[in-house]
Amino acid sequence: MTVLVSGATGFIAQHVVDSLLKASYKVIGTARTPAKAAKLLEQFGHNSNLSMEVVPDISNIKGFDKVFEKHGKNINIVLHTASPFPFNITQFEKDLLIPARNGTRGILESIKKYSADTVERVVVTSSFASIWDFEAAPNRNFVYNEKMWNPAIWESAQTSAIMAYCASKKFAEETAWNFLHEYANKINFKLTTVNPVYVFGPQMFKSNVKETLNTSCEIINKVLKSNPREQLSLEIPGEFIDVRDIAKAHLAAFQKKETIGKRLLMSNGAFSEQTICNLINEEFPQLQGKIAPWAKDIKLDTGDVPFSIDNTMTRKLLEWDFIPIEKSVTDTVSQIIEAHK
Ligand code: NDP
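Residue positions are given per chain, counting from 1 as you read along its sequence in written order. Since the coordinates come from a predicted model, pLDDT governs what is reported: local features require at least 70, and pairs of side-chain atoms require 80 or more to be given and counted, while whole-chain, interface and lining totals use all residues. Side-chain metrics in this entry use all non-hydrogen atoms of the structure; hydrogen atoms and water are not considered.

Asker: Lay out the side chain of Asn195 with the relevant residues and their values.
Answerer: Inspection of the secondary structure puts Asn195 in strand β7 (residues 190-196). Polar contact is the term for a pair of N or O atoms within 3.5 Å; when the atoms are in protein, one must be able to donate a hydrogen and the other to accept it, and sequence-neighboring residues count only if both atoms are side-chain atoms. A polar contact of 3.3 Å, which involves the side chain of Asn195, links it to the side chain of Ser130. Contacts were defined at the residue level, with two residues in contact if any of their heavy atoms lie within 4.5 Å. Leave out the neighbours within four places in its chain, and Asn195 touches Ser126, Ser127, Phe128, Ser130, Ile131, Glu173, Arg263, Leu264, Leu265 and Met266. Secondary structure elements follow DSSP: runs of H or I no shorter than four residues count as helices, runs of E no shorter than two count as strands, and numbering proceeds from the N terminus.

Below, the structure is given as structure tokens:
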């Protein structure tokens, strides 16, 4: 079985590639540049089951054509993880909305053109962002589940990076489900989406730890970079899930019949910056006095959350216990400390 992983150089995708290789799949990854492709091949020790192709920009709707023209008849599974996830941009349409939507449309068009008979399963890495109404007033009794959609529309989504990111994930995912219906007679694949909340956990390789990490892990890194006089936010920005559960979910998403047509809402509970800070203070005594201090995590402790998530359907389908925040944060921080030695 051959699996194509788009955006294979990404934080999540590297764990997905690792899980696929450990399960003896042949993997074709895509990266934006030859240098990034070569680096990943080296990081995976030139595993003979891994090869790489270059797709410079997924905004180009024909960006994946060459890859499918070359390998299409051998590809059985497609995992589309590539999508921009930065919050430090101002050109919302160009940098977020267009690549997210065109990337999804483009890869599905390429499958239809070159691999309609061979690709059996497609998994799109979507997000809780495509479910969450970012503008809704906080309400701890409001419960999101796998059936809900972010109400954002293209024009009004372009007010902030976070708003545009949430919308980009909605439009990308919506594009995939619509494509499935539009071309039901011309394709064979079944679709599943993985919809994670903030993803924490170690980088696949210690050498990936830089001063600034990928957007979600930077939340933990930022706490590590705090100073002892700082009061961290007690607000709940959202929920967390570990990257190793996300990798497992990508495999389950195409291996199981029961996941066909499903959105896997991946979450394992709420957190605040203070939650992370308290865990670091407890687990790493050597950092006490060097980062922000332990403090009561009042909002989390009293259930003062801006929304709730019910992912019972996803948990039943996946049948394993998700990694708790203690392990996720501890493993992330241990790797950062080790990398900076
Ligand atoms: P990363 O930024 O680490 O990975 C994103 C990947 O997409 C990288 O390989 C990146 O290439 C590639 N990419 C981005 N824009 C383009 C483009 N225009 N053309 C070609 N390739 C592009 O982020 P994550 O691993 O965190 O995210 C992976 C997926 O998971 C995304 O779809 C994201 O929306 C989703 N997700 C992530 C969550 C999280 O908390 N991390 C939560 C929910 C969903 P390059 O490395 O060269 O920039």
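Asker: I'd like a description of helix α4 (residues 92-114), backed by residues and values.
Answerer: Multiply 1.5 Å by the residue count of a helix minus one, and that product is the helix's expected span. Here α4 spans 32 Å end to end across 23 residues, near enough to the 33 Å set by a 1.5 Å rise per residue. A residue's bend is the angle separating two fitted axes: one through the seven residues that end there, the other through the seven that start there. The sharpest bend along α4 measures roughly 35 degrees and falls at Ile98, with the proline Pro99 sitting one to four residues further on.

Asker: Any chance you could break down the site of the ligand for me, citing the residues and the numbers?
Answerer: Only heavy atoms are used to decide nearness, and a residue is near a molecule or strand if one of them lies within 4 Å of it. Near the ligand there are 26 residues, and of these Phe11, Lys36, Tyr165, Lys169 and Val199 occur at the shortest range. Note that an oxygen atom of the ligand is positioned 3.3 Å from one of the backbone N or O atoms of Ser83. The protein chains hide 89% of the 880 Å² of surface that the ligand would expose on its own. If you list the elements that add at least two residues to the shell around the ligand, you get α1 (11-22), α5 (161-182) and β8 (198-200). When residues are sorted by character, Ala, Val, Leu, Ile, Met, Phe, Trp, Tyr, Cys and Pro go into the nonpolar class, Asp, Glu, Lys and Arg into the charged class, and all the rest, Gly among them, into the polar class. Class assignment for the residues of the shell around the ligand results in 13 nonpolar, 9 polar and 4 charged. Method for areas: the Shrake-Rupley scheme with a 1.4 Å probe, in which residue coverage is limited to the protein chains shown.

Asker: With reference to specific residues and values, describe the packing of α4 against α5.
Answerer: The axes used here are C-alpha line fits, helices contributing only the stretch in contact, and every angle between their N-to-C directions lies in the interval 0 to 180 degrees. Contact geometry of α4 with α5 gives a least axis separation of 9 Å together with a crossing angle of 20 degrees. With respect to α5, the element α4 is oriented roughly parallel. Crossing hand, α4 versus α5: right-handed. Residues Phe92, Leu96, Leu97, Ala100, Arg101, Thr104, Arg105, Leu108, Glu109 and Lys112 of α4 touch α5, and the partners they reach there are Ala161, Ala164, Tyr165, Ala167, Ser168, Phe171, Ala172, Thr175, Ala176, Phe179 and Glu182. Our angle categories are set so that under 35 degrees counts as roughly parallel, over 145 as roughly antiparallel, 65 to 115 as roughly perpendicular, and the remainder as oblique. The handedness criterion is simple: a crossing whose near helix is rotated anticlockwise from the far helix by less than a right angle is left-handed, and one whose near helix is rotated clockwise is right-handed.

Asker: Could you give an account of the packing of helix α8 (residues 273-283) against helix α11 (residues 325-340), naming the residues involved and the relevant values?
Answerer: A packed helix pair is summarised by two numbers, namely the angle formed by the two axes and the spacing between the axes. The geometry of α8 relative to α11 is characterised by a closest axis approach of 10 Å and an angle of 70 degrees between their N-to-C directions. Judged by the angle between their axes, α8 and α11 are roughly perpendicular. Between α8 and α11 lies a crossing of right-handed hand. In contact with Thr275, Ile276, Leu279, Ile280 and Glu283 of α8, α11 contributes Ile325, Glu326, Val329, Thr330 and Val333. Looking at the contact of α8 with α11 residue by residue, the class counts come to 6 nonpolar, 2 polar and 2 charged.

Asker: Can you lay out the packing of aromatic side chains for me, pointing to particular residues and giving the numbers?
Answerer: Aromatic rings in a pair are described by how distant their centres are and how their planes are angled relative to each other. Any two of the Phe, Tyr and Trp rings considered here, Trp counted by its six-membered ring, make a pair once their centres fall within 6.5 Å; the pair's planes then place it as stacked at under 30 degrees, edge-to-face at over 60, or tilted in between. Taken as a whole and judged by the stated rule, the model has 18 aromatic pairs. Arranged with centres 4.9 Å apart and planes meeting at 70 degrees, the rings of Phe142 and Tyr144 form a pair that is edge-to-face. For the exposure calls, accessible area comes from a 1.4 Å probe over protein chains only, and a residue counts as buried if that area is under 20% of its type's maximum, exposed if over 50%, partly exposed in between. Under the relative-accessibility criterion, Phe142 is labelled partly exposed at 38%. Three or more aromatic residues joined by ring pairs form one cluster here, namely Phe128, Trp132, Phe134, Phe142, Tyr144 and Phe307. Lysine NZ or arginine CZ positioned within 6 Å of the ring centre and within 35 degrees of the ring normal marks a charge as sitting over the ring. The ring of Tyr183 has Lys112 lying over it, and the distance from NZ or CZ to the ring centre is 4.3 Å. Lying over the aromatic face of Trp149, Arg263 brings its terminal NZ or CZ to 3.9 Å of the ring centre.

Asker: An account of the sheet that holds strand β9 (residues 238-242) is requested, with residue identities and associated values reported.
Answerer: Across the sheet, which stays open at both edges, the 3 strands sit in the order β8-β9-β11 with mixed pairing between neighbours. Each of the sheet's edge strands pairs with one partner strand only, and the pair in question is β8 and β11 (270-271). Running over the sheet, α11 touches β8, β9 and β11 and is turned about 70 degrees from β9. Pairs of strands are assigned from DSSP output, requiring at least two bridges between the strands.

Asker: Describe the pattern of salt bridges, and please don't skip the residues or the numbers.
Answerer: A side-chain nitrogen of Lys or Arg and a carboxyl oxygen of Asp or Glu constitute a salt bridge if their distance falls within 4 Å. Applying the stated criterion across every chain yields a total of 17 salt bridges. One salt bridge connects Lys327 with Asp331, and the closest N-O pair in it is separated by 2.8 Å. Pair noted here: Lys327 and Asp331 are both in helix α11, with a separation of 4 residues, about one helical turn. Look at Lys327 and you get partly exposed, because its relative accessible area is 40%. Each member of the salt-bridge network shares a partner with another, and the members are Arg105, Glu109, Lys112 and Glu182.

Asker: Can you tell me about the state of the cysteines, naming the residues and giving the values?
Answerer: Sulfur atoms of two cysteines make up a disulfide when they are within 2.5 Å. Within this structure, the stated rule accounts for 0 disulfides. A disulfide-free cysteine, Cys166 has its sulfur positioned 18 Å from the sulfur of Cys217, the nearest such atom. By relative accessible area, Cys166 is classed as buried at 2%.

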